[in-house]
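Residue strings, one per chain:
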Amino acid sequence: MIRRKPPEDCPDCGGRLKPVKRFGRGWEGPITRTAIDTEVAHYARADAERGPPHMKFRRAGSVHTLLCTECRRIFLYGVP
Ligand SMILES: [Zn+2]
């Protein structure tokens, strides 16, 4: 298995990469005008299915996200 540290500079343009957080925003209620944000920080096998007792996916690892400060491209790295 190859374990490499994510790059510090963008492989496309050479710009500086900085860590960012990705999240999904839930439905916004018409009365409360609030929604729940959920961080997207994990991944599972492509064939993973939800299982008991809490009907969650079996976590295979977490996702490290880097944003290029120059070209704005986002890079995702899996951390098992
Ligand atoms: Zn770049």
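Since this is a predicted model, take the numbers as computed values, not measurements. (Residues numbered from 1 in each chain as written. Predicted model: local features only at pLDDT ≥ 70, side-chain atom pairs only at ≥ 80, totals over all residues.)

A. Layout of the pairing of strand β6 (residues 74-79). Judged by how many residues are buried, β6 sits mostly at the surface: zero of six residues are covered. In the sheet, strand β5 (residues 61-68) pairs with β6 via six bridges, with the strands oriented antiparallel. Pairing of His64 across the sheet is with Tyr77, part of β6. Counted between consecutive antiparallel strands, the loop separating β5 from β6 contains five residues, among which Arg72 sits at a positive phi close to 70°. (Buried ≥ 20, exposed ≤ 12 C-beta atoms within 10 Å, placed from the backbone. Helix = DSSP H or I, 4+ residues; strand = E, 2+ residues; numbered from the N terminus. Pairing = 2+ DSSP bridges.)

B. Spotlight on the environment of Arg72. Position of Arg72 among the secondary structure elements: in the loop between β5 and β6. For Arg72, a count of 10 C-beta atoms within 10 Å gives the class exposed. Taking the C-alpha atoms as reference, Arg72 lies 25 Å from Gly61; in sequence the two are eleven residues apart.

C. Quick look at the environment of Tyr77. Position of Tyr77 among the secondary structure elements: in strand β6. Looking at Tyr77, the number of C-beta atoms within 10 Å reads 14, which means it is partly exposed. Once the C-alpha coordinates of Tyr77 and Glu39 are considered, the two residues, 38 residues apart in sequence, prove to be 15 Å apart. Those residues in contact with Tyr77 that lie beyond four places of it in its chain are Pro6 and His64. (Contact = placed C-beta atoms within 7 Å.)

D. Examining unusual backbone geometry more closely. Cis geometry marks the peptide bond from Pro52 to Pro53; its omega dihedral reads 10°. By the secondary structure assignment, Pro53 is in the loop between β4 (42-43) and β5. The backbone of Met55 sits at a positive phi, close to 55°, despite the residue not being glycine. In this structure, Met55 sits in the loop between β4 and β5. We note that Arg72 has phi near 70°; this positive angle belongs to a residue other than glycine.

Read these as layout, nothing more, since geometry by itself doesn't imply function.
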